[in-house]
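Spelled out, the chains give:
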Amino acid sequence: MKTIIHIGMPKTGSTALQKALCGARKELAKNGVLYPIQGKQVNHGLLAGAVRPYEVAPRRFRRFSEQELNSRVEVFLENLKSQISGHDSDLLILSSEYLWPVGQYHAGLEKLQFLLKQVGIENPEFVAYVRGPSSYYLSATQQRLRASSTFRQPGNYNITANLDAYSEFFSNSKFSVRLFNREALVGGDIISDFMSLHRPDLQGIVSKAAKKISTNESLSAEGMVLMQQFRRHFYADQDDRINKQTLRFINQLRRVEKRLNLPRPMLRPEVAEYTDYSGTGPLELRDRYGIVFPNLDYSRLERGEFAKKPQVGGDVQDVVQVSDEQLEQMVSRLLRTYLSLNPTLRIWLRSLPFGKTA
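Residues numbered from 1 in each chain as written. Predicted model: local features only at pLDDT ≥ 70, side-chain atom pairs only at ≥ 80, totals over all residues. Heavy atoms only, no water.

Asker: How should I be thinking about the pairing of strand 4 (residues 125-130) in this particular structure?
Answerer: Every regular strand shows the same layout, with side chains that alternate between the two sheet faces. Within strand 4, 6 of the 6 residues are buried, which leaves the element mostly enclosed by the surrounding structure. With burial as the criterion, each face of strand 4 is covered, one bearing E125, V127 and Y129 and the other bearing F126, A128 and V130. Where strand 1 (residues 2-6) meets strand 4, 3 bridges bridge the pair, whose relative direction is parallel. Note that in strand 4 the partner of I4 across the bridge is E125. Direction of pairing for strand 4 relative to strand 5 (residues 175-179): parallel, over a ladder of 5 bridges. (Buried < 20%, exposed > 50% of the residue type's maximum accessible area, 1.4 Å probe, protein only. Helix = DSSP H or I, 4+ residues; strand = E, 2+ residues; numbered from the N terminus. Pairing = 2+ DSSP bridges.)

Shown next as structure tokens:
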């Protein structure tokens, strides 16, 4: 059985791909493609939970004790082995962006290889999608704010070492790297692109399933500011832990943004420049894997004209362009919604510098 393992990278549409494959799994199975799932899971993140050290396991797994996580991993692997051995398929697909950082740990790659063999997988093929430096940083910052009041500082973009570790360790396996960019993707999205590579005849089935799922929508820059303030005020001591209250607030922010027709966020020019031109990472990615990011001046990188690191504090406004007027409009709208029925939230919104005039 041919095996394809999709490893991310994060923020390249992995969730959309996984939900589409999961939604189409019955039709896929009829056509010789196995996308094994367990319970409500739509991906194979527990495979990463089995190989990444507990202290750097995905945050969704660290809510369990190490013993409980190991128990869940054991059940997952047994279930995976059973599905593989009990299904007469031509193609097996596994997917988890949590596998992406495994390339940073040689021991993790060794354990991954061992576990794959245990469940009956030999010589899998790997596929990774990669995103441009500034685009990735903006998306990752927004994702981080969903579960924290802090975000990572802009830094040097170097993902080639991670890809090299995978391709060198699994030297007998095919390793494909794809550009996550609408103009570069077949059909303009990761779902069509992925299926065109591996089962183009089933592309329509999976794309149809994708239309029934919801995907993560980005917040505006102003929404990111309010999200950070919300986490600071109510959950400053709970970084890396998302909760229902935060998700409700995010949904309300998105409703308000749609009414106000707010644009997508943009990095401050100096931050975008630094993330794009801080080092030779994009050059190495181009030379090793043929990935060329549009609108990036590669000749500048070749000349060694790297950008200076900007002064960035801990506020979202330090990295994204924020309109004070639109921020006040958002707070005003929020105060007129159901949030106004919650005295605690109302008091908090009124206490914000941009809420006093709302």
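Asker: I keep staring at the packing of aromatic side chains and nothing clicks. Help me out?
Answerer: Two aromatic rings are characterised by how far apart their centres lie and by the angle between their planes. The tally for this structure, following the rule as stated, stands at 16 aromatic pairs. Plain terms: the ring middles of F61 and Y98 are 5.8 Å apart, the flat faces sit at 75° to each other, and that makes the pair edge-to-face. Taken as a pair, F61 in the loop between helix 3 (45-51) and helix 4 (66-85) and Y98 in the loop between strand 3 (91-95) and helix 5 (106-118) lie far apart in primary sequence, 37 residues in all. Exposure remark for F61: the relative accessible area of 4% places this residue in the buried category. Measuring from centroid to centroid gives 5.9 Å for F230 and Y235, while their planes differ by 55°, and the two rings are tilted. Across this residue pair, the class does not change: F230 and Y235 are buried. Through a chain of ring-to-ring contacts, three or more aromatic side chains come together here, namely F126, Y166, F169, F170, F175 and Y289. The ring of F64 carries R72 above its face, with NZ or CZ at 4.0 Å from the centroid. For the cation-ring pair, R300 lies above Y277, with the distance from its terminal atom to the ring centre recorded as 4.3 Å. (Phe/Tyr/Trp six-rings, centres within 6.5 Å; stacked < 30°, edge-to-face > 60°. Lys NZ or Arg CZ within 6 Å of the ring centre and 35° of its normal.)

Asker: Which parts of the structure should I look at to understand the pattern of salt bridges?
Answerer: When the charged atoms of two side chains with opposite charge come close together, those side chains can pair. According to the stated counting rule, one finds 14 salt bridges in the structure shown. A single network of salt bridges, built from pairs that share partners, joins R59, R144 and D240. (Salt bridge = Lys/Arg side-chain N within 4 Å of Asp/Glu carboxyl O.)

Asker: Please explain the nonpolar core as it appears in this structure.
Answerer: Nonpolar side chains tend toward joint burial in soluble globular proteins. One finds I7, L99, V130, L163, Y166 and L285 to be the most contacted residues of the largest nonpolar core, which totals 53 residues. In terms of residue count, helix 4 provides more of this core than any other element does, 6 residues in total. One finds L138, M227, V256 and V312 within the second-largest nonpolar core, a separate group that totals 33 residues. (Core = buried A, V, L, I, M, F, W, Y, C linked by side-chain atoms within 4.5 Å.)

Asker: Please explain the packing of helix 5 against helix 7 (residues 160-169) as it appears in this structure.
Answerer: A pair of packed helices can be characterised by two numbers: the angle between their axes and the separation between those axes. Where helix 5 contacts helix 7, the axes come no closer than 11 Å and their chain directions differ by 40°. Considered as vectors, helix 5 and helix 7 are oriented oblique to each other. Crossing hand, helix 5 versus helix 7: right-handed. Together, H106, L109, E110, L112 and Q113 of helix 5 and A165, Y166 and F169 of helix 7 make up the contact between the two elements. In terms of residue class, the contact of helix 5 with helix 7 is made up of 5 nonpolar, 2 polar and 1 charged. (Axes fitted to C-alpha atoms, helices over the stretch in contact; angles between N-to-C directions. Parallel < 35°, antiparallel > 145°, perpendicular 65-115°, else oblique. Left-handed = near helix turned anticlockwise from the far one by under 90°. Contact = heavy atoms within 4.5 Å. Nonpolar A, V, L, I, M, F, W, Y, C, P; charged D, E, K, R; others polar.)

Asker: Looking at this structure, I do not really get the packing of helix 11 (residues 244-260) against helix 15 (residues 324-335). What am I missing?
Answerer: In the contact formed by helix 11 and helix 15, the axes pass within 10 Å of each other and the chain directions differ by 115°. Helix 15 is crossed by helix 11, and the crossing has right-handed handedness. Between helix 11 and helix 15, the residues in contact are F249, Q252, L253, V256, E257, R259 and L260 and Q329, M330, R333 and L334, respectively. Among the residues forming the contact of helix 11 with helix 15, the class breakdown is 6 nonpolar, 2 polar and 3 charged.

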